[in-house]
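Chain residues, written in single-letter form:
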Amino acid sequence: MKKEFKQFKPSEYRLKDLSQSTDDLSYCYEALKKVSRSFAVVIQQLPEELKNPVCLFYLILRGLDTIEDDMNIDNAVKKEMLLSFADRINEEEFNLENVGDTQDYRDLMLHFDKVIREYQKLGPQYKDVITEITREMAIGMNKYAHETVESYEDWDDYCYYVAGLVGIGLSRLFLASELETSVKLSDKNLSNEMGLFLQKTNIIRDFAEDLEQGRIFWPEESWKNKARTLEELQADEKSGLAALNEVVLNAFEHVPACLEFLECLTNQQVFRFCAIPQLMAVATLKELYNNPLVLHQNVKIRKGKTAKYFIAIQDYNSTKKEFISVLESLEKIDRTGKIKSILAKIKK
């Protein structure tokens, strides 16, 4: 939940004004546009049965994330707010005033009762999933409020809590809808890797933006032996690129599992919902690899590439072909042999 693709411009109106003129469900979808324009677009790929559960799942986790990100909340108070969140969404309607590090998030929390009322209308098969994932994510967020991400193992653990759990929750929602039936969707490891791939891509892309805000998400193992500080890493292009390429290759290692996950989906709308963000991630990683601009600014894929994925990607074979094309283009410049190994796993 910590990061997401930012491909669309926010709308100009304020949510608190909107809340006075729309019903609760309409508010939820407009709120989604404000806090995640890209997710609001891709959710339209889903069947009607899943749109509301997935929309509300995302907004509830975004509410939890808003509490975690607000540095003005006392740590003891924040811990209680995080760990009680899953119970509160099932017991009461509540708002939180002046919580959030941006106006959009403060607006969402100010009118969070609208989200809760719609969530409580969902069937128990959906609510049970959302409650369980929310509770476990809150535990992880509280954990990493006091710990740093040192090793690549720590990075995987952190990304599990903030994104892997989202992948696991989505898989369980797909199964609960009975639109998907593959037993592979019950494999937490497979769903987790889908989330890790997206989260790591976003963390890598946002290096300069996070550094400017005093936040560190790259694992120390990737850069501590190359520079004393991240500012020093940013200033030394050779060391910076070495660390960048290392984390990009680490993210690419999730690709075989992501393709295995996508292959088991049978509903085309669910497939597109899952495949489009994955393809945007692999295209983004291609732009980030060995690119010194990443050390100083947010690098994005071209809008035409995004449009291509929204229009053209319809099935597994075309998606796999696109993944292979990206990896083959990088294999020529990767001296570690990791890309070659990943390609071998996919083609096998």
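Just so you know, these numbers come straight off a predicted model, no measurement behind them. (Residues numbered from 1 in each chain as written. Predicted model: local features only at pLDDT ≥ 70, side-chain atom pairs only at ≥ 80, totals over all residues. Heavy atoms only, no water.)

Student: Just checking my understanding: could you explain the pattern of salt bridges for this structure?
Tutor: Any two side chains of opposite charge can pair, on the condition that their charged atoms come close. Inspection of the entire model under this criterion finds 21 salt bridges. Its salt-bridge partner being Asp 24, residue Arg 117 comes within 2.6 Å of it at the nearest N-O pair. Of this pair, Arg 117 sits in helix α7 (residues 112-119) while Asp 24 sits in helix α2 (residues 24-35), and the two are 93 residues apart along the sequence. The class for Arg 117 is partly exposed, based on a relative accessible area of 25%. For Asp 24, a relative accessible area of 15% translates into the label buried. Connected through shared salt-bridge partners, Asp 24, Glu 93, Asp 113, Lys 114 and Arg 117 make up one network. (Salt bridge = Lys/Arg side-chain N within 4 Å of Asp/Glu carboxyl O. Helix = DSSP H or I, 4+ residues; strand = E, 2+ residues; numbered from the N terminus. Buried < 20%, exposed > 50% of the residue type's maximum accessible area, 1.4 Å probe, protein only.)

Student: Help me out: how do you make sense of the nonpolar core in this one?
Tutor: Among soluble globular proteins, nonpolar side chains are generally buried collectively. If you look at the biggest cluster of nonpolar residues, it comprises 123 residues, and the most contacted ones within it are Ile 204, Trp 218, Phe 252, Leu 262 and Phe 273. Per-element tally for this core: the top contributor is helix α9 (residues 152-177), with 14 residues. With near-sequence residues (within four places) excluded, Phe 273 lies in contact with Phe 39, Val 42, Ile 43, Gln 45, Leu 46, Val 54, Leu 170 and Phe 174. (Core = buried A, V, L, I, M, F, W, Y, C linked by side-chain atoms within 4.5 Å. Contact = heavy atoms within 4.5 Å.)

Student: So what exactly am I meant to see when it comes to unusual backbone geometry here?
Tutor: Most of the time, phi is negative for any residue but glycine, and the peptide bond is trans. With phi around 60 degrees, Asn 98 is a residue other than glycine that occupies positive phi space. Mapped onto the elements of the fold, Asn 98 is located in the loop between α5 (75-91) and α6 (103-110). For Asn 98, a relative accessible area of 62% gives the class exposed. Backbone geometry at Asn 290 places phi at a positive 60 degrees, although glycine is not the residue there. The topology assignment puts Asn 290 in the loop between α15 (268-288) and α16 (303-312). Taking the relative accessible area as the measure of exposure, Asn 290 reaches 39% and is therefore partly exposed.

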